[in-house]
Structure formats: C-alpha cells, structure tokens
Amino acid sequence: MATPRIMLLGAPGAGKGTQSANLADHYGIDHITTGDALRANKDMETEYGTPREFMEAGELVPDPVVNEIVEAAIDEADGFVLDGYPRNRSQAEYLESITDLDAVLYLEVSDEELIHRIAGRRLDPETNDVYHVEYNPPEDPAVEDRLVQRDDDTEEMAQERIGVFKESTLPVVEHFDATGDLVRIDGEQSPAAVWSDVRAAVDAAIDA
Ligand code: AMP
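Not measured: the values here are computed from a predicted model. (Residues numbered from 1 in each chain as written. Predicted model: local features only at pLDDT ≥ 70, side-chain atom pairs only at ≥ 80, totals over all residues. Heavy atoms only, no water.)

Undergrad: Can you lay out the overall build of the protein chain for me, pointing to particular residues and giving the numbers?
TA: Helices and strands together make up the secondary structure of the protein chain, namely nine helices and seven strands. Its C-alpha atoms give the protein chain principal-axis dimensions of roughly 45 × 45 × 30 Å. Out of the 208 residues in the protein chain, the part that is buried amounts to 46%. Relative to all contacts within the protein chain whose residues are 6 or more apart in sequence, the contacts with residues 24 or more apart total 66%. Put simply, the protein chain shows about 10600 Å² of open surface, and 44% of that area lies on carbon and sulfur atoms. Treating the 16 positive side-chain charges of the protein chain as one cloud and the 47 negative ones as another, the clouds have centres 3 Å apart. (Helix = DSSP H or I, 4+ residues; strand = E, 2+ residues; numbered from the N terminus. Buried < 20%, exposed > 50% of the residue type's maximum accessible area, 1.4 Å probe, protein only. Contact = heavy atoms within 4.5 Å. Areas by Shrake-Rupley, 256 points an atom, 1.4 Å probe, with all protein chains shown as cover. Lys, Arg positive; Asp, Glu negative; His and termini not counted. Charge placed at Lys NZ, Arg CZ, Asp CG, Glu CD.)

Undergrad: Run through helix α5 (residues 89-98), naming residues and quoting values.
TA: Listed in full, the buried residues belonging to α5 are Gln-91, Ala-92 and Leu-95. End-on view of α5: buried residues confined to an arc of 100°, all on one side of the axis. On its buried face, α5 is in contact with β1 (5-10), α4 (63-76), β3 (80-83) and α8 (155-178). You can read the cap of α5 off the contacts: a side-chain oxygen lies 3.3 Å from the backbone nitrogen of Ser-90, and it is on Asn-88. (Arc of directions from axis to C-beta. Polar contact = N/O pair within 3.5 Å; in protein donor to acceptor, adjacent residues only side chain to side chain.)

Undergrad: Would you mind going over the site of the ligand in detail, with residue names and values included?
TA: Lining the immediate surroundings of the ligand are 16 residues, of which Thr-34, Arg-39, Glu-59, Gly-84 and Gln-91 lie closest. Between an oxygen atom of the ligand and a side-chain N or O atom of Arg-87, the distance comes to 3.1 Å. Burial of the ligand by the protein amounts to 96% of the accessible area it has alone, namely 490 Å². The leading source of residues in the shell around the ligand is helix α2 (residues 34-40), at four residues. Looking at the shell around the ligand, its residues break down into six nonpolar, four polar and six charged. (Near = heavy atom within 4 Å. Nonpolar A, V, L, I, M, F, W, Y, C, P; charged D, E, K, R; others polar.)

Undergrad: Please give an account of the packing of helix α6 (residues 111-120) against α8 that cites residues and values.
TA: Between α6 and α8, whose axes approach to 9 Å, the crossing angle comes to 135°. One way to sum up the angle between α6 and α8 is to call them oblique. Of the two possible hands of crossing, α6 and α8 adopt the one that is right-handed. In this structure, α6 contributes Asp-111, Leu-114, Ile-115 and Ile-118 to the contact, and α8 contributes Glu-155, Ala-158, Gln-159, Arg-161, Ile-162 and Lys-166. Among the residues forming the contact of α6 with α8, the class breakdown is five nonpolar, one polar and four charged. (Axes fitted to C-alpha atoms, helices over the stretch in contact; angles between N-to-C directions. Parallel < 35°, antiparallel > 145°, perpendicular 65-115°, else oblique. Left-handed = near helix turned anticlockwise from the far one by under 90°.)

Below, the structure is given as structure tokens:
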C-alpha cells in the first residue's frame, strides 16, 4: 500500500511533529496537524468563541471545530498522518466514523523529558523550522536572533497541557491498546532512532 493512513499519538513534546514530517515525506502522504491549522486560524469566529481562547489556556478547542477541520483535510488526502488528533474519546469515535486507519502509533516519553523539550523549544518564524536551545540550537546567529517561543510552550503551560493529555488523550491510547491496534514506540531515543522504529512499525502494519 503506497498511501497509508496513520494516527500518531503522544503527549505535547513527544516528537509527533518531527516524526509526522518524516512520515509525510517518506510515504508521500498528507501531514494533518490540528495544532498548526488552529494556530493559523486562532481568531476564527465559531459558535464556541475563537480557538485562541482555548489554546491560550492550554485547553482543548471544542470537538465540532476540530472535527470539521480534520474531515475536510481527510477528504482531500490520499493517505495521511494525523498529528495532534484525536485528543479525546469523542474525537476518536468521530474519526472512526469517517475513515479507516492502517497504523496507530504512540510515542512514549516521560513527563520530565516532555517538560524539558517543550520549555526549550523555539521556532524560526521565517521557515517554521523547530529548534531546541540545548538539543538542537541553530548554527546561524541570524536565525538564533529571530527565534520565538510558542505562547503555550512555557513550563507552566507545558504542565497544564500534559495534564490535559493525561485526562483526555490517554483514554484514546488505552482504547487502541485494548483493540490490539496500538504500537508503542520509545520516544526518548534520538530522533533518528525513533524514526527507524516508526518506519518499521508502519511497514509492518501495511504489510500485514
Ligand atoms: P499542538 O500544536 O498539537 O500542541 O496543539 C496546540 C493547541 O491547539 C492545544 O493545546 C489545543 O488547545 C489545540 N488543539 C490542537 N489539536 C487539538 C485537538 N485535536 N482537539 C482540541 N484542541 C486541539
């Protein structure tokens, strides 16, 4: 199968963005990321208010808003990797009502490491490349000077978002674990080692 449909689960900071980009590139599939879609539409008026109000509090944006974004993206995609969706059981049920999946992966990372990764994460607003002050600083001082931190990447907000993950998203992980579809990946390894495991898991799932 050339165009797998993949769900990548993991807490904030687990490496979903990096590994999703690898998957999209390697399999030639769409990278569907609700976080980026919502950041690009923070001030969109919805009947629940704007996404910004929820995002700045580290809370989940209401399901109907997110489900609509994902359904439109899936309709246009020939194979995809979902990054940051579903975030709760109700989104997972919605997803299962609109599509089938070929692989469900979960990147496991300890809380301590998640906080360290999130609080040190920086973005280049010109290229959207992601850096880390300690693990992956830019070589070019001009790039270093223009790096910004996401509003919700402070240590305090990271704690909040990890709490939301445990309460709302871990039940999704448990659900796919119970159905036998979940593949756990050690997300604390180097990005290259995680990618090797991720690719092997997807290849095994699509060969099965
Ligand atoms: P992320 O970039 O995936 O860490 O998402 C950043 C923020 O966007 C989250 O803290 C939520 O406020 C919002 N968000 C992203 N994806 C979802 C989703 N599937 N459901 C609800 N809110 C989401």
